[in-house]
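Here's the letter readout for the chains.
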Amino acid sequence: MNTVLAAEPAVDEGMASVSDALIIAMIVTYAIALFLFAVEAAYGRRKAIKAERLVGVGASGADEDGMEVNLRAPDPETSASQHILGNVALGVTVLGFLLNLGQIVTRGLAADRWPWGNMFEFVVAVCLCSVAAFLFGAIRYKARYLGTFVLVPVLLLLGIAAKWLYSEAGPVIPALDSYWIAIHVSAAILATGAFMVSGAAAITYLLAQRTEAKRARGETVTGIAAKLPSSELLDRVSHRFVVLAFPLWTFGIIAGAIWADEAWGRFWGWDPKEVWSFITWVVYAAYLHARATAGWRGTKATVIGLVGFACLLFNFFGVNYLFSGLHSYA
Amino acid sequence: MKPAGAADSTGKTGTDSPPRLSALGWARWAWRILTSMRTALILLFLLAIGAIPGSVLPQRSVSDEQVRNYFLDNPDLAPWLDRFYLFDVYSSPWYAAIYLLLFVSLTGCVLPRAAAHYRAMRARPPRTPHNFGRLPYSASFTTAASPQTVLAEARAALKGYRIDTRDDSVAAEKGYLRETGNVVFHLALLGLLIALGAGSLFGYRGNMLIIEGDGFANTVTSYDAYEPGTSVEPGDLQPFWLRLDDFQAEFIEEGDLTGQAASYVADVTYREAPGAPERTHTLEVNHPLSVDGAQVYLLGHGYAPEFTVTNPDGEVVFDQAVPFLDRQEGNFVSDGVVKVPDTGAEQLGFTAVFLPSAAETATGELTSDFPGARNPVVTLRAFKGDLGLDSGDSQSVYQLYTERMEELGDSPQLSPGETWELPEGAGNITFTGYREYISVQVNSDPARVPALVAAVAAVLGLLCTLFVHPRRAWVRARPDADGRTVVEVGGLGKTEGAGAITELHGISLRLRDRLRERPASDDTSTEKE
Ligand code: HEM
C-alpha cells in the first residue's frame with residue numbers, strides 16, 4: 001500500500017500548557033501596563049520632550065567654548081503628559097513583552113515548528129511586534145506617551161485571539177510547511193506591528209489636532225484631551241513607523257510571491273489575500289506620496305494612512321472569514 | 001473644519017526647500033510637481049479601489065467554476081456585472097486604463113527627475129551661501145589655525161560627503177543615493193509591469209493527472225486543461241517527459257487534527273528532452289521540479305481504483321486504474337466513472353464511489369472517516385446500453401451520460417479483490433486494488449526571473465529613498481581683525497526631521513576638536529608666547 005500513515009507528530013504537552021498559561025499572564029501584565037499608562041496620560045504634567053537627541057544644542061546661543069549656534073528652524077516644541085508612573089508602566093510593558101515572547105517560544109517548542117502558522121499565533125506575534133516597536137519608539141524617540149494608544153489595540157487583539165481564534169499547538173498543513181513561512185510571515189508580522197503603532201499615533205494625532213484647534217479658537221480644553229502630546233510630534237512618529245513598515249511589507253509581498261510560485265505554481269494569482277495585501281500596499285504608497293505632496297500633509301495624509309491600516313485589518317479579519325482562498329488557514 | 005493652526009504649519013513646512021531657482025522657475029517647478037503628484041495620488045487610489053471588486057466577486061482567472069455558479073445563482077445580475085468585466089477585473093480594459101495611466105504619469109514624472117538628478121550628481125556641490133544665518137543650522141567659532149588648515153580639516157571632518165573647495169570655503173553634499181533610489185524604485189515598478197505583460201504573452205500553463213506508474217509527455221494534447229499565452233504555439237512547449245514512480249501522503253493519525261495532511265511526497269523520473277539522460281526528483285508541495293524553463297508543481301492527489309471487467313464469455317475486456325475525484329467533503333470520499341465500450345456485447349458504464357477508510361455513520365450511512373486508505377471500499381452502480389462515445393462530441397471522463405443506458409443495479413460494498421456479478425448476466429467487475437494519482441500543473445513563465453529582478457531592485461531602491469537622508473554642508477574660514485580665524489559651519493537636511501541638525505552640529509564639534517588637537521606649532525605660536 002502506498003499510503004504511509006504517519007506516527008502522531010510529537011506535541012510537547014508540557015510546553016503547550018506552559019505556553020497557554022503565559023497567554024493569561026501576558027494579557028494581565030499588558031492590562032496593568034495600560035492602566036498605568038492611562039494614569040500617566042490623565043494625571044501627568046505636560047513637559048517638553050526633545051525628540052531629536054541634540055547634544056549641546058538646546059536653542060540658539062553660545063556654549064562654554066565660545067561656539068555660537070544658530071538654529072533657524074528649531075524643532076517645534078513638543079510635549080506630552082509625564083508622570084513617574086510612566087516609568088513603572090514602561091517596566092511592566094517590558095515584562096509583558098518578555099511573557100509574550102516566552103509564550104511564542106514555548107509554543108514553537110511545543111509544536112516543533114515556526115510558531116506562526118494560524119490566525120491565533122499570527123495575532124500574538126503581531127502584538128509582540130507592536131509592543132517591540134512601541135518600546136523602541138519609547139526609548140529612541142521618547143515616545144512613551146503612545147503607551148495607552150498602542151496597548152489598547154494590543155489588548156483588544158489579544159482578547160479576540162484568546163477568545164475566538166485560539167487553537168491548540170500542533171503541526172500545520174503541508175503548504176505552510178516551508179522556510180518561506182519564516183520569511184514571508186515574519187515580514188508580514190513585523191510590518192503589521194509597526195503599522196499598528198503608526199495607526200495608534202495617527203489616531204492620537206487626529207485627537208491632538210482637535211485639541212489644538214480648540215485652543216486656537218480660544219476654548220479651554222480639559223481632561224485627557226488637554227494632555228495629549230503635540231500633533232506635530234505624533235505626525236512625525238506615525239510617519240516614521242510607516243517608513244519602517246512599508247519596505248517590510250513590500251518585501252513580505254515579494255517573499256509571498258516567491259513562496260506562492262513554489263507552492264502553488266504561480267507567483268501572483270489575485271487570491272483575495274493577495275488582492276488586499278496589494279490594496280494595503282497601494283494605500284500606504286499613497287500615504288507616502290501625500291506626505292510629499294503640497295497641501296496633503298497633515299490631516300489628509302493621516303486619514304490616508306488610517307485607511308491603509310483599515311485595509312490591513314480587513315485583510316486579516318475580513319478576508320479570512322468572508323472570502324475563500326488559498327490563504328485561509330482554517 | 002480645517003483648524004487655523006494646521007494651515008499655518010503646512011505653509012511653514014512648504015517653504016523649507018532652498019530658493020535656488022528664479023521665482024518663475026520655482027513656481028513652474030512647484031506647479032509641475034504639484035499637479036503630477038496629485039494625479040499620481042488619485043491614480044493610486046483608483047488602483048486600490050479598482051482592485052476591490054476582484055476580491056468580492058469570483059474571478060475567471062481564479063476559478064471559472066465559481067463564476068459559472070455565480071451566473072446560475074444570479075441570472076439577472078451576473079450578465080450586467082460581466083458587461084463591466086467584473087469577473088475579469090485584473091485583465092479588464094478599465095483596470096488596464098488605470099494602471100497604464102499611472103505608469104505614464106510615473107514615467108513623465110520620474111524621467112525628468114532622473115535627468116535632473118544625473119546632472120546634479122555631476123555638477124559641483126551648490127555654491128556657498130553668503131549668509132549662513134539663513135540656513136536651518138549654522139554655527140561659528142574662532143580658532144588660531146590658519147584658514148587653509150581649517151579648510152583642510154573641514155574636508156577631513158566631512159567624511160562621506162562630496163566636497164568642493166572654493167576660495168575661502170568648502171561646499172559639501174551627500175545622500176545622492178536617495179534620489180537614485182527613488183528613480184530606481186519607480187522605474188523598477190515599470191519594469192515589473194512590463195515583465196508581467198511579457199509573461200502573459202509568452203507563458204503557458206497546463207494541468208493534468210498522473211497515475212502512479214504512468215508517464216507524461218509535455219505536449220498540448222497530454223493536458224486536461226491548457227492555457228497558452230497569446231503568442232505561444234504548440235511547437236513551443238519544452239519537449240520533456242516524466243513518470244510518477246511513487247506517491248506517498250501522510251496524515252495525522254490521532255488527536256484533534258486527525259486526518260489533516262502532514263506531507264505529500266511524489267517520486268518522479270524525468271528526461272529534459274527525448275534522448276537526454278533520465279533523472280529523478282522528489283516533488284513536494286513546496287518543492288517543484290524545474291525543467292528546461294518550465295516548472296512542474298504538485299497541486300493535489302487522489303485515488304485511482306483499479307478494475308477488471310469480464311464479459312459474459314469470460315474474456316477480460318477492461319483492466320485499468322481509473323482516477324476518481326475527491327468530493328472535497330473531507331476524507332477523500334471520491335467519485336468516478338468506469339466506461340467499458342468494448343465488451344463484445346452492449347457497452348457497460350459504472351458510476352462509483354471510493355471510500356479510502358469506509359465506516360458507518362451513526363445513522364448507518366456509509367462514509368470515510370480517514371483520508372488514508374485504512375479500509376478501502378468501492379460501491380458501484382452499473383448501466384448498460386450506449387455510452388454515446390461514438391457521437392463525436394467530446395465527453396468528460398468524469399461523467400457518465402446515461403440517456404441511452406439502462407440501469408442494472410447497485411453493487412454491494414467491495415473490498416480489494418472482491419468481484420460483483422452483474423445482474424442480467426452482463427458479466428462481472430472486480431475491484432482489484434487502487435493506485436494513487438497526483439494532479440500536476442506545468443507552468444512556463446519567462447517573466448518569472450525578470451519580474452523577480454525588478455522586484456528586488458524596487459525594494460533596494462525603496463530602502464535608499466526611505467532611509468538615505470541628503471544633506472548639504474558648508475564651512476567657511478576667514479581671518480578676523482584679531483588675527484584669528486572665524487570658522488562658520490552651516491547646513492541643511494533636504495528631508496524632514498531625521499536628525500539633520502544633530503548631524504550638522506556633530507560636524508561643527510568634530511571640526512573644532514580637530515583644530516584644537518593640532519600640535520602647538522606654526523599658527524598657535526602667537527598664543528603660547
Ligand atoms: C505605481 C505607483 C507608485 C508607487 C507604488 C509609488 C511609491 C512611492 C513611494 C513608496 C515613494 C517614497 C516616498 C517617500 O520618499 O517617503 C515615492 C516617492 C515619490 N514618487 Fe512615487 N509611486 C508611484 C507612482 C508615482 C507616480 C505616478 C509619480 C509621479 C507622478 C510618482 C512620483 C514620486 C515622487 C516625485 C516621489 C518623491 C517624493 C519625495 O520627494 O519625497 N510616483 N513613490
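All values derive from a computational prediction rather than experimental measurement. (Residues numbered from 1 in each chain as written. Chains lettered and ligands numbered in written order. Predicted model: local features only at pLDDT ≥ 70, side-chain atom pairs only at ≥ 80, totals over all residues. Heavy atoms only, no water.)

**Topic: the overall build of chain B**
What counts is decided by this rule: Helix and strand labels come from DSSP, where a helix needs a run of H or I of at least four residues and a strand needs a run of E of at least two; each type is numbered from the N terminus. Atoms counted for the radius of gyration: C-alpha only. Globule rule: 2.2 Å times the number of residues to the power 0.38. Between buried and exposed lies partly exposed: a residue is buried under 20% and exposed over 50% of the maximum accessible area for its type, with that area taken using a 1.4 Å probe on protein chains only. By the convention used here, residues are in contact when the closest approach between their heavy atoms is within 4.5 Å.
The helix and strand inventory of chain B stands at 10 helices and 23 strands. In terms of C-alpha radius of gyration, chain B reaches 38 Å, well past the compact-globule figure of 24 Å for 529 residues. Principal-axis analysis of the C-alpha atoms gives chain B an extent of 130 × 55 × 55 Å. Counting all 529 residues of chain B, 45% fall into the buried class. Once local pairs closer than 6 in sequence are excluded, the contacts in chain B between residues at least 24 apart make up 62%.

**Some details on the overall build of chain A**
Put simply, the test is: Accessible surface is estimated by sampling points in the Shrake-Rupley manner with a 1.4 Å probe; for residues, cover comes only from the protein chains shown.
Across its full length, chain A carries 8 helices and 4 strands. Listed N to C, the secondary structure of chain A is α-β-β-β-β-α-α-α-α-α-α-α in terms of helices and strands. For chain A, the proportion of contacts with a sequence separation of at least 24, taken over those separated by at least 6, is 82%. A total accessible area of about 13,700 Å² is found for chain A, and carbon and sulfur atoms account for 66% of it.

**Some points on the coordination of the iron atom of the ligand**
Selection rule: Only nitrogen, oxygen and sulfur atoms within 2.8 Å of the metal, or 3.2 Å for Na, K and Ca, are treated as donors, and water is left out, so sites may look incomplete. Think of it this way: with four donors and all angles in the 85 to 135 degree range, the site is tetrahedral; with four or six donors, opposite ones beyond 155 degrees and the rest between 65 and 115, it is square planar or octahedral; otherwise it is irregular.
Surrounding the iron atom of the ligand are the protein donor atoms H289 of chain A (NE2) and H186 of chain B (NE2), at 1.9 to 2.0 Å. Given 6 donor atoms and angles of 76 to 178° at the metal, the environment of the iron atom of the ligand is assigned as octahedral. Here H289 of chain A is found in helix α7 (residues 272-291), whereas its partner H186 of chain B is found in helix α7 (residues 176-202) on a different chain. For H289 of chain A, a relative accessible area of 18% puts it in the buried group.

**Thoughts on the packing of aromatic side chains**
Just so we agree on the cut-off: Any two of the Phe, Tyr and Trp rings considered here, Trp counted by its six-membered ring, make a pair once their centres fall within 6.5 Å; the pair's planes then place it as stacked at under 30 degrees, edge-to-face at over 60, or tilted in between. Charge-over-ring placement is defined geometrically: NZ (Lys) or CZ (Arg) within 6 Å of the ring centre, and within 35 degrees of the ring normal.
Inspection of the entire model under this criterion finds 28 aromatic pairs over all chains. With a centroid separation of 6.0 Å and an interplanar angle of 50°, the aromatic rings of Y204 of chain B and Y226 of chain B are classed as tilted. You can see Y204 of chain B sitting in strand β4 (residues 204-211) and its partner Y226 of chain B sitting in strand β6 (residues 225-228), a full 22 residues away along the chain. Relative to Y434 of chain B, the ring of F354 of chain B has its centre 5.9 Å away and its plane inclined at 50°; by these criteria the two rings are tilted. Within this pair, whereas F354 of chain B is found in strand β15 (residues 347-355), its partner Y434 of chain B is found in strand β21 (residues 428-444), the two being separated by 80 residues in sequence. The pair F354 of chain B / Y434 of chain B is uniform in exposure class, with both members buried. Stacked on the ring of W296 of chain A, the Lys or Arg K300 of chain A has its end atom at 4.8 Å from the ring centre. Seen from the ring of W241 of chain B, R271 of chain B lies directly overhead, with NZ or CZ sitting 4.7 Å from the centre.

**A closer look at the pattern of salt bridges**
Residue and element names in this part refer to chain B. Heads up, the rule is: Any Lys or Arg side-chain nitrogen found within 4 Å of a carboxyl oxygen on Asp or Glu counts as a salt bridge.
For the structure shown, the criterion picks out 31 salt bridges over all chains. Between E179 and R113 there is a salt bridge; the shortest N-O distance is 2.7 Å. Linking E179 in helix α7 with R113 in helix α5 (residues 93-122), this pair joins segments that are 66 residues apart in sequence. Taking relative accessible area as the criterion, E179 reaches 18% and is therefore assigned buried. Given the relative accessible area of 32%, R113 is considered partly exposed. D164 is the salt-bridge partner of R166, the closest N and O atoms lying 3.3 Å from each other. With a relative accessible area of 12%, D164 lands in the buried category. Three or more residues are tied together by salt bridges with common partners; here these are R60, D82 and D88.

**Some points on the interface of chain B and chain A**
Spelled out, the test is: Put simply, buried area is the surface a 1.4 Å probe can reach on two separate parts but cannot reach once they are joined, added for both. Counting of polar contacts relies on pairs of N or O atoms within 3.5 Å, with two restrictions inside protein: one atom must be capable of donating a hydrogen and the other of accepting it, and residues adjacent in sequence are counted only when both atoms are side-chain atoms.
Opposite the 90 residues of chain B that make contact, chain A presents 77 residues. On the chain B side of the interface with chain A, the three residues burying the most area are L41, N286 and E496 of chain B, jointly 10% of the side's total. Across the contact surface, chain B and chain A share 1 salt bridge. Remark: the boundary between chain B and chain A carries 5 residue pairs in polar contact (both at pLDDT 80 or more).

**Some points on the site of the ligand**
Rules: Nearness of a residue to a molecule or strand requires only that one of the residue's heavy atoms be within 4 Å of it. All residues other than Ala, Val, Leu, Ile, Met, Phe, Trp, Tyr, Cys, Pro, Asp, Glu, Lys and Arg, Gly among them, are scored as polar; the first ten of these are nonpolar and the last four charged.
Within the structure, the ligand sits among 23 residues, and H289 of chain A together with C109, R113, N182 and H186 of chain B are positioned closest to it. Neighbouring residues of the ligand are distributed over chains A and B. In the model, a nitrogen atom of the ligand is placed 2.8 Å from a nitrogen or oxygen of the H186 of chain B side chain. For the shell around the ligand, the elements supplying multiple residues, two or more each, are α7 of chain A together with α2 (23-56), α5, α7 and α8 (448-467) of chain B. Its residues placed into classes, the shell around the ligand shows 15 nonpolar, 6 polar and 2 charged.

**Here's the deal with the UniProt feature "transmembrane region" (unreviewed entry) in chain A**
Residue and element names in this part refer to chain A. To be explicit about the condition: UniProt positions are given in the numbering used here, feature names are shortened, and annotations may be inferred rather than shown by experiment.
Summarizing the sequence annotation, UniProt attributes the feature "transmembrane region" (unreviewed entry) to residues 21-43, 84-102, 122-139, 146-166, 178-208, 241-260, 275-294 and 301-323 in the numbering used throughout. Helix makes up 100% of residues 84-102 and strand makes up 0%, while its end C-alpha atoms are separated by 28 Å. Secondary structure content for residues 146-166 is 90% helix and 0% strand, and the end C-alpha separation is 28 Å.

**Some words on the sheet that holds strand β8 (residues 261-271) of chain B**
The strands that make up a sheet are held in pairs by hydrogen bonds between backbone atoms, and each pair lies either parallel or antiparallel. Residues and elements named next belong to chain B. The following threshold applies: Only strands joined by at least two bridges in the DSSP assignment are considered to pair. Lines fitted to C-alpha atoms define the axes, with helix axes restricted to the stretch in contact, and inter-axis angles between N-to-C directions lie between 0 and 180 degrees.
Taking strand neighbours across the sheet as the criterion, the 4 strands line up as β5-β7-β8-β9 in an open arrangement whose pairing is antiparallel. With one partner strand each, in any of the chains shown, β5 (215-217) and β9 (279-284) form the two edges of the open sheet. The average angle at which neighbouring strand axes cross in this sheet is 30°, direction not considered.

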